[in-house]
Amino acid sequence: AETEAEAKDDAASGDLIVVGYAQVGAESDWRTANTESFKSTFTEENGYKLIFDDAQQKQENQIKAIRSFIQQDVDYIVVAPVVETGWEAVLQEAQEAGIPVILSDRQMDVDESLYECWVGGNFIKEGEIAGNWLADYLKAQGRDGEDINIVTLQGTIGASAQVGRTEGFGNILKQHDNWKMLDMQTGEFTQAKGQEVMESFLKSYDDIDVVVAENDNMAFGAIDAIKAAGKTCGPDGDIIIFSFDAVKAAFDAMIAGDLNAAFECNPLHGPRVDEIIKKLEKGETVEKIQYVDEAYFDTSMDLESIKAERAY
Ligand code: GYE
């Protein structure tokens, strides 16, 4: 029999499917687009009640949010985990409460039985595509035999987006004896931190050829730091710079001639998670790991018309 509290709960949500979304934070344009994708998909008209939590990039906040979703007995928990590790205990609690967990965006390093499935970008592949793009670009410039000094602005350390992009680019770096990684430091996926770290790189090294930014917003900060130091970047500049995500502002930076390339990571996971939940509701099985297709863009392309077609 239902308790009075449960009955009240049912009445409040009606036939709506209650979804708790433990979001990372609001650190980047990508993240804003991702939040917007969930908020516009998980609406009452679409049969949902969304409980949204912004963890401000802190795992402890996300764990608290998941526990509160369990307490509220939501129908599904969706998590975009800040980092990969440290989730066993809270996922076990969700499992014991019988609440299915869906992972989206970043991955978790946990036993597969603790979640239904994951959907997101292939971060290792993104890093490898970027590395191969750089090799081709240097070759086209006749610089493939030169010594190339590289620095990396890393994302949040331990986030699967950081781990994968660092690893993927590193796989290509290994194939080029003349490429040297001078330094790698985290810019926490934010523009402000990206700028700060780039300022310190520019003070430590006067011969940087390439900046790898593990998201667009850190590249925007780095571009400001490079200009403030009296240097230039982009296709006609002193320093080659590229980043991951390919949000609209990255197209503006490429069109302005400040950014060389952007490697796409698609943030529009709301409809994908909606589809997964609809399948689970019907008792259908879902694929455990679901990678989203991604492209890349550089200044050799017709960026104005590509940008006009983009949703984020
Ligand atoms: O690249 C970055 C955001 O996890 C793929 O998180 C996501 C990353 C994205 O802060 O901009």
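Conventions and cut-offs
- Residues numbered from 1 in each chain as written.
- Predicted model: local features only at pLDDT ≥ 70, side-chain atom pairs only at ≥ 80, totals over all residues.
- Heavy atoms only, no water.
- Pairing = 2+ DSSP bridges.
- Helix = DSSP H or I, 4+ residues; strand = E, 2+ residues; numbered from the N terminus.
- Axes fitted to C-alpha atoms, helices over the stretch in contact; angles between N-to-C directions.
- Contact = heavy atoms within 4.5 Å.
- Core = buried A, V, L, I, M, F, W, Y, C linked by side-chain atoms within 4.5 Å.
- Buried < 20%, exposed > 50% of the residue type's maximum accessible area, 1.4 Å probe, protein only.
- pLDDT = per-residue confidence, 0-100.
- Expected span 1.5 Å × (residues − 1).
- Near = heavy atom within 4 Å.
- Polar contact = N/O pair within 3.5 Å; in protein donor to acceptor, adjacent residues only side chain to side chain.

**Observations regarding the sheet that holds strand S11 (residues 289–291)**
Right, on to step 1. Across the sheet, which stays open at both edges, the six strands sit in the order S2-S1-S3-S4-S5-S11 with parallel pairing between neighbours. Looking at strand neighbours, the two that pair on one side only are strand S2 (48–54) and S11, the edges of this open sheet. On average, each strand axis in the sheet is inclined to that of its neighbour by 20°, with strand direction left out of account.
Right, on to step 2. Across seven bridges, the pairing between strand S1 (residues 17–23) and S2 is parallel. Within the sheet, the bridge partner assigned to Ile-17 lies in S2 and is Tyr-48.
Right, on to step 3. Sitting on the sheet, helix H10 (residues 270–281) is in contact with S1, S2, strand S3 (76–79), strand S4 (101–104), strand S5 (117–120) and S11, with an inclination near 155° to S4.

**A closer look at the nonpolar core**
Right, on to step 1. Formed by 39 residues in total, the largest nonpolar core has its most connected members in Leu-153, Met-198, Phe-201, Ile-208, Val-211, Ile-241 and Leu-259.
Right, on to step 2. Residue assignment for this core shows that the elements contributing at least two residues are helix H2 (29–41), strand S6 (148–154), helix H7 (191–204), strand S8 (210–213), helix H8 (216–228) and helix H9 (248–255).
Right, on to step 3. Among the elements that make up this core, the one with the highest residue count is H8 (seven residues).
Right, on to step 4. In this structure, Leu-153 is in contact with Gln-185, Gly-194, Val-197, Met-198, Phe-201, Val-211, Val-212, Ala-213, Glu-214, Met-218 and Ala-222, ignoring residues within four places of it in sequence.
Right, on to step 5. Counting residues in each nonpolar core, the second largest holds 23 residues, with Val-74, Leu-91, Val-110 and Leu-114 among its members.

**Section: the confidence of the model for the protein**
Right, on to step 1. When pLDDT is averaged along the protein, the result is 96, and 96% of the positions lie at 70 or above.
Right, on to step 2. As scored by the predictor, the complex reaches a pTM of 0.95 and an ipTM of 0.99.

**Let's talk about H2**
Right, on to step 1. Taking 1.5 Å of rise per residue, 13 residues should cover 18 Å, and H2 covers 18 Å from first to last C-alpha, within 8% of that figure.
Right, on to step 2. Here H2 has its buried residues at Trp-30, Arg-31, Ala-33, Asn-34, Thr-35, Ser-37, Phe-38 and Thr-41.
Right, on to step 3. Residues of H2 that are buried sit in contact with S1, S2, S3, S4, strand S9 (240–245) and H10.

**Overview of the site of the ligand**
Right, on to step 1. Taken together, 13 residues lie around the ligand, and Glu-27, Asp-105, Arg-106, Arg-165 and Asp-245 are the ones closest in.
Right, on to step 2. Asp-105 is positioned with one of its side-chain polar atoms (N or O) 2.7 Å from an oxygen atom of the ligand.
Right, on to step 3. Within the side chain of Asp-245, an N or O atom sits 2.6 Å from an oxygen atom of the ligand.
Right, on to step 4. Put simply, the parts of the chain that give the shell around the ligand at least two residues each are H2 and helix H6 (160–173).

**Overview of the sheet that holds strand S12 (residues 296–298)**
Right, on to step 1. Ordered by their spatial adjacency, six strands build an open sheet running S7-S6-S8-S9-S10-S12, and the pairing between neighbours is mixed. Edge positions in the sheet fall to strand S7 (179–186) and S12, since each of these pairs with one other strand and no more. The average undirected angle you get between the axes of adjacent strands in this sheet is 15°.
Right, on to step 2. Sheet strands in contact with H7 are S6, S7 and S8, and its direction is about 135° off that of S7.

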